Amino acid sequence: MEQEEYSKEEINWSYIEFIDNQDVLDLIEKKPLGIIALLDEACMFPKSTHETFSTKLFQNFRYHPRLEKAKFSETDFVISHYAGKVNYQTETFLDKNRDYIVVEHRSLLSSSRCPFVASLFPPLLEEVSRSSYKFSSVASRFKQQLQALMETLNSTEPHYIRCVKPNSLNKPQKFENLSVLHQLRCGGVLEAVRISLAGYPTRRTYSEFLDRFGLLAPELMDGSCDEKATTEKILQKLKLENFQLGRTKVFLRAGQIGVLDSRRAEVLDNAAKCIQGRLKTFIARRSFVSIRAVALSLQAYCRGYLARAVYEAKREEAAAITMQQYARGWLCRRAYFELHLSAVIIQSSIRGFSTRRRFLYRKEHASASRIQAQWRMYRLRSAFRHHQNSITAIQCLWRRKVAKRELRRLRQEANEAGALRLAKSKLEKQLEDLTLRLQLEKRLRLSNEEAKSTEMTKLQKRLEAVNLELDVSKLATINECKRVSMLQKQLDSSMQEKSTLERELVGMTQLIKENVLLKGSLATLEKKNSALEFELIKVQRESDDRMEKLREVEQKCVQLQQNFRSLEEKLSNLEDENHVLRQKVFSASPKSRHGFAKQFSDKYSGALVVPHTERKPGSETPTPTKHIVPFSLGFSESRRSKLTVERHQENFDFLSRCIKEDLGFKDGKPVAACIIYNCLLHWRAFESERTVIFDYIIEGINDVLKVGDENVTLPYWLSNSSALLCLLQRNLRSNGFLTATSQRSTGSAGLTGRGPPGLKSPFKYVGFEDSMSHVEARYPAILFKQQLTACVEKIFGLIRDNLKKEISPLLGSCIQAPKSGRVHAGKSSKSPGGAPQQTPSSQWDSIIQFLDSLMSHLSENHVPSFFIRKLITQVFSFINISLFNSLLLRRECCTFSNGEYVKSGLAELEKWIVNAKEEFAGTSWHELNYIRQAVGFLVIHQKRKKSLEEIRQDLCPALTIRQIYRISTMYWDDKYGTQSVSNEVVAQMREILNKDSQNLTSNSFLLDDDLSIPFSTEDIYMAIPAVDPSEIELPGFVSDYPCAQFLAQHPKLNGPTTTPKEVPHQ
């Protein structure tokens, strides 16, 4: 294929030769002289043997290079395949090739009622079934099946996965080079690699090449030249050789695309640095402008203070003058008021006398006017009443005339409605007859079911009796072996009794022939006896099987008990050793501690010590730290091992406390995750090839998840573990974690990171003083990242399962409306247009409260919106599946009033989704498509006028025909009495279901719940924003641990200390 593409693109290339296996294929299957054809020909002759077949084979292929005769046999032959030579023995070739079945026998067995027998003989093709005596060998059938497989593969685009077996012993961590090389050579992988390396493995179209690598030469991208010339100029500018330019593509050698990508990354890095410089300039200018504005505001405040002081002095002087003015005015006003009061009293007495005289005159004039007004009003009222009575009489006459006309019309309509009433009465009588028949059928079914239940109880009692007997026999066999002989004797006696019973049955049959009257009863007794015997045989077989299973279970239990006892003994021994070793460490003399530290370091140094490479700066000045290095290296081996063990224990204690206590959050960042990451980076745990600290962290998180409250612990650790995973994903580089470092320091730095003093600052290595740099991670760090990913998925799955368990009982009560609400809704109005608006019950309110509490828990623990969106989406998907399946399984739920009830609840869920916003809700509303469309179909009034296409396209586009048919047949209107879809639509759906039932493997109309994790590690990395682990507030117990003092020394980490919220230090 590649060489055809080279010729199509018209590039300079030389033909690559490869090994072809076509001559071997022709030798085996070519007609008429292939091995398979000769074998079929030999099978058709009854007197032919494997000697004649082998001689004929050697005669026809005497000079064939691929076939040769075996050395130590006359009938065996050897074929040289691509992978090597294979020896074939022909003793049983003819017998195995003749293994065929007659067509009539095959058809007879394939039509068997036993499904197992019918599956062993599937029906043949039409060409084979036509001729029953046509010879069909095993080789010919295999050749036909192989041709069908090749046709299928040629019609598709298969992709192969080459599996290689690392060793022949099936053991881990073992790699056999010769075996793997032999597998690759036999599988053609080495040949394919050779052909690929001889050609051009990387090829791109000119447009794709320019889109990706055009930025390496922007001066050539002005459009003056065509794409091919521009591509050639770019490659010449980068000084690349051995490339080919085709008609539409550019062909590159292996490794050249990596050079282009590296140059492209350099150009992008330079652009990013330029943008950062511009941004820092902008930030500095903005800070200068703000400082200048602050200085101007301070000057204004100082000037204002001085002006206010001068103003206060002037104000006090003006206030004194004002007080003097008011005092003088009060004295003058008091003398004036005394004089004014006496004058007012005199004037008021004179004015009162004159006013009373005027009032009496006006009162007499008003009473005369009122009398005149009453008389005039009476006269006008009498005239108005007379006129009103005459108008009322005329209106009554006209209304009577109109009422008579309406009465005639209503009588005519009543006569026409009489026939409809008769028809209605007939239909009601038919409905009553049908209900009576249904009740009778129900009673018959109930009686049959009761009879079946009685028979089942009898059989169960018999089985229980047999089980009791089996238990007794089991106890007898376990306690005493002598009872076995007694049981055998009893079995012999029972067999004798059975033989006597058979004799009596023969006599009974003779009596049955003589007695005609007792014939029927005896026949029934014989049938019952045979059934009981069959049941006894079954019970005996089941008892034997159970005894064997019980023996196997007992053996397994004994083995497990032995293993458990051995593990308990080992655990107790390890605990005793650990206790003794701790006592030796903390209470023994310095000499004993010296020996213990040496022993512990010899045992665990390979698992805990972290190697580090020596760093030698280019130009160094003599500092005091250089004189300390020889002193530190001069410690004895035992002293260093003891310090390493103590530091490891101190590190483990600090990490354990960070994991067990709730450290809270700082500006939405989880404090625990940031502290753990900074400690691991400072202790050089990511660079170590052998360490146990990562396993200790994972085990600590799992222990906290088991012990703590799930509603608080799971969201808290989901936030922390995801933040820690993002930090690892962004800052670890995994290219080369399997190769060990060439230079290692002889002293062990351990997990504390206290290596040679000549090393650089760890914060600068992390990126606190400079931009964030990548750390080259080893195999334990990569494994820790995978374990942390599994931990995040586990926490997410636990939260999802807990939410489903909590919401399941609420959904069970939300699918059906309360009975009181349905009755009230049915009696409130009789017309479809006057349906009252229902409100959701307390069940839907409980679901809303459940969702609000979920959002509050997640937001309090600062869970990223990506996880909240996934959780809410899966909860709504579970609501959709539960409600929809309950609606299809329960007929009492497929009603009009219940549809209105569920629709009102879905409206409440829609309000909640709108309030929650798309950042947290996501596509939750689309997850309710099935239940929304089903409920919308239930509350439509004119269902009989809808066609099947309108229902499928407009009303229920997401539902299948089987689901629509289920809802249509189960629907009944308990509120207005409307009918379901028309009979024509039901008939169409039934026809479609009958056609589809032949093709579908499953006829289920229910929805399945999806239990998979809806995200990957790349999704988490892309969705969660970057976290800066430097700007956090440290807890108060950091000062108690010397291994964590580096956190308090850095200015960005040395913020106000906070104490843990809940769990105290243990």
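These numbers come from a predicted model, not from an experiment.

(A) Highlighting the nonpolar core. Formed by 124 residues in total, the largest nonpolar core has its most connected members in Phe 654, Ile 675, Phe 686 and Phe 867. Looking at which element gives the most residues to this core, the answer is helix 27 (residues 865–889), with 14 residues. Residues in contact with Phe 867, not counting those within four places in the same chain, are Leu 718, Ser 722, Val 792, Phe 796, Phe 1015, Ile 1020 and Ile 1024. In terms of nonpolar packing, the next biggest core, distinct from the first, is built from 16 residues, Leu 210, Phe 213, Leu 216 and Ala 217 among them.

(B) Highlighting the pairing of strand 6 (residues 249–252). Here strand 4 (residues 202–205) runs beside strand 6; their pairing, made up of four bridges, is antiparallel. Looking at the pairing, Thr 202 lines up with Leu 252 of strand 6. Inspection of the sheet shows strand 5 (residues 244–245) paired to strand 6 by two bridges, in the antiparallel sense. Bridged to Gln 244 within strand 6 is Phe 251. Remark: three residues form the turn of the hairpin made by strand 5 and strand 6, two consecutive strands paired antiparallel.

(C) Representation of a nonpolar patch on the surface within the structure. A cluster of nonpolar side chains, Phe 142, Leu 146, Leu 149 and Met 150, forms an exposed patch at the surface whose accessible area comes to about 380 Å². On the secondary structure map, Met 150 appears in helix 9 (residues 138–155).

(D) Summary view of the sheet that holds strand 1 (residues 67–69). With respect to topology, three strands assemble into an open sheet ordered 1-2-3, the strand pairing being antiparallel. Each edge of the sheet is formed by a strand with only one pairing partner; in this case those strands are strand 1 and strand 3 (85–88). On average, each strand axis in the sheet is tilted by 25° relative to the strand beside it, whichever way the strands run. Relative to strand 2 (residues 77–80), strand 1 is paired through three bridges, and the arrangement is antiparallel. For Lys 69, the partnering residue across the bridge sits in strand 2 and is Phe 77.

(E) Local environment of the packing of helix 29 (residues 929–938) against helix 31 (residues 961–970). Following both chains from N to C, one finds helix 29 and helix 31 inclined at 35°, their axes separated by 11 Å at the closest point. The chirality of how helix 29 crosses helix 31 is right-handed. Here Tyr 930, Ala 934, Phe 937 and Leu 938 of helix 29 come into contact with helix 31, specifically with Gln 963, Ile 967 and Ser 968. By residue class, the composition of the contact of helix 29 with helix 31 is five nonpolar, two polar and no charged.

(F) Quick look at the sheet that holds strand 6. Read from one edge of the open sheet, three strands run 4-6-5, paired in antiparallel fashion. Edge positions in the sheet fall to strand 4 and strand 5, since each has one partner strand and no second. In the packing of helix 1 (residues 2–9) onto the sheet, the strands contacted are strand 4 and strand 6, and the crossing angle to strand 6 comes to about 130°.

(G) Structural view of the packing of aromatic side chains. Inspection of the entire model under this criterion finds 14 aromatic pairs. Both rings, one in Trp 375 and one in Tyr 378, keep their centres 6.2 Å apart while their planes meet at 35°; by these two values the pair is tilted. One end of the pair is Trp 375 and the other is Tyr 378, both in helix 14 (residues 256–479) and three residues apart, which spans about a single turn. Relative to Trp 717, the ring of Tyr 716 lies with its centre 5.5 Å away and its plane at 85°, an arrangement referred to as edge-to-face. Across the pair, Trp 717 and Tyr 716 agree in class, each one buried.

(H) Structural detail: the confidence of the model for the protein. Of the residues in the protein, 79% reach a pLDDT of 70 or more, and the chain-wide mean stands at 75. Across residues 585–640, confidence stays below pLDDT 50; counting only partners more than four residues off in sequence or on other chains, it has 68 contacts. Considering only residues more than four positions removed or in separate chains, one finds that residues 820–840, a stretch of pLDDT under 50, has 31 contacts.

(I) A look at helix 13 (residues 227–237). Those residues of helix 13 not exposed but buried are Thr 230, Thr 231, Ile 234 and Leu 235. Projection of helix 13 onto a plane perpendicular to its axis shows the buried side chains occupying an angular sector of 135°, all on one side. Looking at the residues trailing helix 13, positive phi occurs at Lys 239, about 60°.

(J) How the structure looks around the environment of Val 86. Tracing the backbone through its elements, the reader meets Val 86 in strand 3. Not counting chain neighbours up to four residues away, the residues in contact with Val 86 comprise Phe 77, Val 78, Ile 79 and His 81.

Cut-offs applied
Residues numbered from 1 in each chain as written. Predicted model: local features only at pLDDT ≥ 70, side-chain atom pairs only at ≥ 80, totals over all residues. Heavy atoms only, no water. Core = buried A, V, L, I, M, F, W, Y, C linked by side-chain atoms within 4.5 Å. Buried < 20%, exposed > 50% of the residue type's maximum accessible area, 1.4 Å probe, protein only. Helix = DSSP H or I, 4+ residues; strand = E, 2+ residues; numbered from the N terminus. Contact = heavy atoms within 4.5 Å. Pairing = 2+ DSSP bridges. Patch = residues over 30% accessible without salt bridge, like charges linked within 9 Å, V, L, I, M, F, W, Y side chains within 5 Å. Areas by Shrake-Rupley, 256 points an atom, 1.4 Å probe, with all protein chains shown as cover. Salt bridge = Lys/Arg side-chain N within 4 Å of Asp/Glu carboxyl O. Axes fitted to C-alpha atoms, helices over the stretch in contact; angles between N-to-C directions. Left-handed = near helix turned anticlockwise from the far one by under 90°. Nonpolar A, V, L, I, M, F, W, Y, C, P; charged D, E, K, R; others polar. Phe/Tyr/Trp six-rings, centres within 6.5 Å; stacked < 30°, edge-to-face > 60°. pLDDT = per-residue confidence, 0-100. Arc of directions from axis to C-beta.

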